[in-house]
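Here are the chains, one letter per residue:
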Amino acid sequence: MLRKIIEENRAGKGRGIYSICSAHPAIIKAAMAQALKDDSIVLIESTSNQVDQFGGYTGMKPADFVAYVRGIGREMSFPEEKLILGGDHLGPNAWQSLEASEAMANSRELIKQYVAAGYSKIHLDTSMFCKDDAGDRHKPLANAVVAARAAELCAVAEESVPAGGTKPVYIIGTEVPIPGGMQEKEEMQPTGAAAVRETIEEFKTAFMGKGLTEAWERVIAVVVQPGVEFGDDSIYEYDREKAVELKNTITDYPGFAFEAHSTDYQREASLRALVEDHFAILKVGPYLTYAYREVLFGLETIEHEMQQAGMIAECSGLSTVLEEVMQENPKYWSKYYAGSAGEKWLKRRYSLSDRIRYYWVDSRLQESVAKLQENLAGADIPITLLSQYLPAVFDAVQRGEISKTPESIINYYVQDVVAVYARACGMSE
């Protein structure tokens with residue numbers, strides 16, 4: 001399915017696919033709802049820090065994540081044959097503090113478990129320095145080293161395909177800066193054509209050296225920087241004039257397209273331009289969880305107003321609980337958010353990098369969200385409050401598209417973002 005999309009994209013048909021990079025059930029449900037509406041496939045990916053052989057920050061191993069997503073699919077009556085699972089940034093990312101031999105041993109087990117569990121799209125990312133790697137940490141790790149390690153992991157992947165299973169397609173390369181958004185403002189430039197050629201040729205040499213000729217035929221995309229990014233409160237829009245040379249480079253490599261990371265918060269026209277310029281795979285993650293947080297905050301404000309009017313007895317205290325949880329466990333945001341105490345408070349709540357996404361698994365937060373939904377489901381939300389605090393939802397309710405239940409509101413709000421990507425990829429009208 002993915003290879004057909006790549007072929008159509010290279011043929012100039014403006015086709016692409018969006019990749020949902022989130023483990024949150026509300027996000028996955030919204031993505032599946034959009035795919036059902038469009039009668040299309042859906043691509044759900046987990047990153048190496050979300051899901052690994054030790055559980056990642058979600059507490060799930062690869063087989064757990066596969067069962068989890070397929071379970072949501074059954075709940076949504078989503079056809080399993082239209083579900084594609086991908087693994088993102090698979091390599092030594094989580095073990096950079098270890099020596100290369102140990103980090104790569106962990107990476108081999110990571111790849112083995114992902115492929116054995118049924119993931120069919122694998123991003124081989126070995127671009128990061130390990131503890132004993134020589135070289136300037138302010139520059140990329142040598143391409144030859146990156147390619148050799150990726151080929152080593154590819155060999156493991158090929159050996160790990162279950163009997164009768166489908167062999168995976170592969171993504172190579174990585175983007176700059178780090179995944180998940182920039183930490184400070186900087187000028188964004190697209191990857192140079194020479195760098196793309198060097199990456200592809202180094203990887204091809206490494207694959208051939210390990211006898212992975214057939215696997216190389218299933219490499220469908222290379223990750224590059226198209227010049228799009230986002231920071232705490234800034235968005236770098238795609239400028240296709242700056243990417244002309246980059247766009248033309250990929251046409252020299254049959255069967256290849258680009259995969260674009262950090263496309264979050266791009267306007268629909270920019271996403272469409274990316275697809276037309278052979279960025280056939282658009283990754284999105286924080287934009288979706290940001291929308292989820294945004295609609296919950298809107299609903300919490302409505303909840304407070306209804307409590308003031310005597311319509312609800314006790315509020316959920318969602319935002320207060322969220323701040324407490326983030327302060328008690330700051331490891332997911334403290335090194336990313338700089339500034340005064342007030343600036344950090346603002347970023348914890350509203351930063352586009354949305355470090356909140358790491359905290360929704362907390363049981364206290366889940367209880368607070370459940371209380372919020374219970375409160376609003378048990379009362380009739382006035383449309384005036386929807387108009388005041390969630391005007392897009394108000395319009396959808398007035399058009400008769402959704403009900404005023406919190407579940408319908410949340411799904412609509414998140415799916416509205418997914419729909420932008422679906423239209424940009426030519427998957428939806």
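Above: the structure in question.
Residues numbered from 1 in each chain as written. Predicted model: local features only at pLDDT ≥ 70, side-chain atom pairs only at ≥ 80, totals over all residues. Heavy atoms only, no water.

Draft legend 1. The overall build of the protein, seen in detail. What the protein contains, in helices and strands, is 16 helices and ten strands. Against the compact-globule benchmark of 22 Å for 429 residues, the protein has a radius of gyration of 22 Å, which places it among compact chains. Along the longest, intermediate and shortest principal axes, the C-alpha atoms of the protein span 70 × 45 × 45 Å. With 429 residues in all, the protein has 56% of them scored as buried. (Helix = DSSP H or I, 4+ residues; strand = E, 2+ residues; numbered from the N terminus. Rg over C-alpha atoms; globule rule 2.2 N^0.38 Å. Buried < 20%, exposed > 50% of the residue type's maximum accessible area, 1.4 Å probe, protein only.)

Draft legend 2. Local environment of the layout of surface pockets. Reported here for the second largest pocket is a volume of approximately 600 Å³. If you trace the second largest pocket, you find 28 residues lining it, with His24, Pro25, Ala26, Tyr68 and Tyr292 closest to the centre. Of the residues contributing to the lining of the second largest pocket, the split by class is 15 nonpolar, ten polar and three charged. (1 Å grid on protein atoms, 1.4 Å probe; cavity = no way out; pocket = protein on both sides within 12 Å on 5 of 7 lines; lining within 4 Å. Points joined across faces, edges and corners; volume = space filled by probe spheres on them. Nonpolar A, V, L, I, M, F, W, Y, C, P; charged D, E, K, R; others polar.)

Draft legend 3. Structural view of helix α16 (residues 406–424). Relative to the 27 Å expected for 19 residues at 1.5 Å per residue, α16 spans 28 Å between its end C-alpha atoms, a close match to the ideal helical length. In the structure, α16 departs most strongly from a straight axis at Asp416, where the bend amounts to approximately 25 degrees. Burial analysis of α16 places 14 of its 19 residues in the buried class, which makes it a mostly covered element. A positive phi of about 70 degrees marks Gly426, the residue just after α16. (Expected span 1.5 Å × (residues − 1). Bend = angle between axes of the 7 residues up to and from the residue.)

Draft legend 4. Main features of helix α4 (residues 100–117). Between its first and last C-alpha atoms α4 spans 25 Å; for 18 residues at 1.5 Å apiece the expected length is 26 Å, and the two agree. All buried positions along α4 are accounted for by Ala100, Ala103, Met104, Asn106, Ser107, Leu110, Ile111, Tyr114, Val115 and Ala117. In a view along the axis of α4, the buried residues occupy a sector of 160 degrees, so they form one face of it. Along its buried surface, α4 packs onto β2 (42–47), α3 (62–75), β3 (83–90), β4 (121–124) and α5 (143–159). Remark: Gly118 follows α4 within two positions and exhibits a positive phi of approximately 115 degrees. (Arc of directions from axis to C-beta. Contact = heavy atoms within 4.5 Å.)

Draft legend 5. Inspection of the packing of helix α11 (residues 318–328) against helix α12 (residues 341–350) at higher detail. Two numbers describe how α11 lies on α12: the axes approach to 11 Å, and their chain directions differ by 110 degrees. For the element pair α11 / α12, the angle class is roughly perpendicular. Handedness of the crossing formed by α11 with α12: right-handed. Contact residues: Ser319, Glu323, Met326 and Gln327 in α11; Trp345, Arg348 and Arg349 in α12. Broken down by class, the residue content of the contact of α11 with α12 amounts to two nonpolar, two polar and three charged. (Axes fitted to C-alpha atoms, helices over the stretch in contact; angles between N-to-C directions. Parallel < 35°, antiparallel > 145°, perpendicular 65-115°, else oblique. Left-handed = near helix turned anticlockwise from the far one by under 90°.)

Draft legend 6. Structural context of the pairing of strand β9 (residues 257–260). Here four bridges tie strand β6 (residues 219–224) to β9, and the two strands are oriented parallel to one another. Counted as the bridge partner of Val224 is Ala260 from β9. Inspection of the sheet shows β9 paired to strand β10 (residues 279–284) by three bridges, in the parallel sense. Across the sheet, residue Phe258 finds its bridge partner in β10, namely Phe279. One crossover worth recording links β9 to the parallel β10 by way of helix α9 (residues 268–276), and it is right-handed. (Pairing = 2+ DSSP bridges. Right-handed = clockwise from strand over helix to strand, strands pointing away.)

Draft legend 7. The packing of aromatic side chains, seen in detail. Scanning the model with the defined rule gives 19 aromatic pairs in all. Relative to Tyr119, the ring of Tyr114 has its centre 4.3 Å away and its plane inclined at 50 degrees; by these criteria the two rings are tilted. A residue is classified by how much of its surface remains accessible, and Tyr114, at 0% relative accessible area, is buried. Note on Phe297 and Tyr350: the rings are 6.1 Å apart at their centroids and 90 degrees apart in plane angle, and the pair reads as edge-to-face. Remark: Tyr350 occurs in helix α12 and Phe297 occurs in helix α10 (residues 286–308); sequence separation between them is 53 residues. Aromatic ring contacts, followed pair by pair, group Tyr57, Tyr332, Tyr358 and Tyr359 into a single cluster. Over the ring of Tyr290 we find Arg293; its NZ or CZ atom is 4.7 Å from the centre of that ring. Against the face of Tyr336 rests Arg355, its NZ or CZ located 3.6 Å from the ring centre. (Phe/Tyr/Trp six-rings, centres within 6.5 Å; stacked < 30°, edge-to-face > 60°. Lys NZ or Arg CZ within 6 Å of the ring centre and 35° of its normal.)

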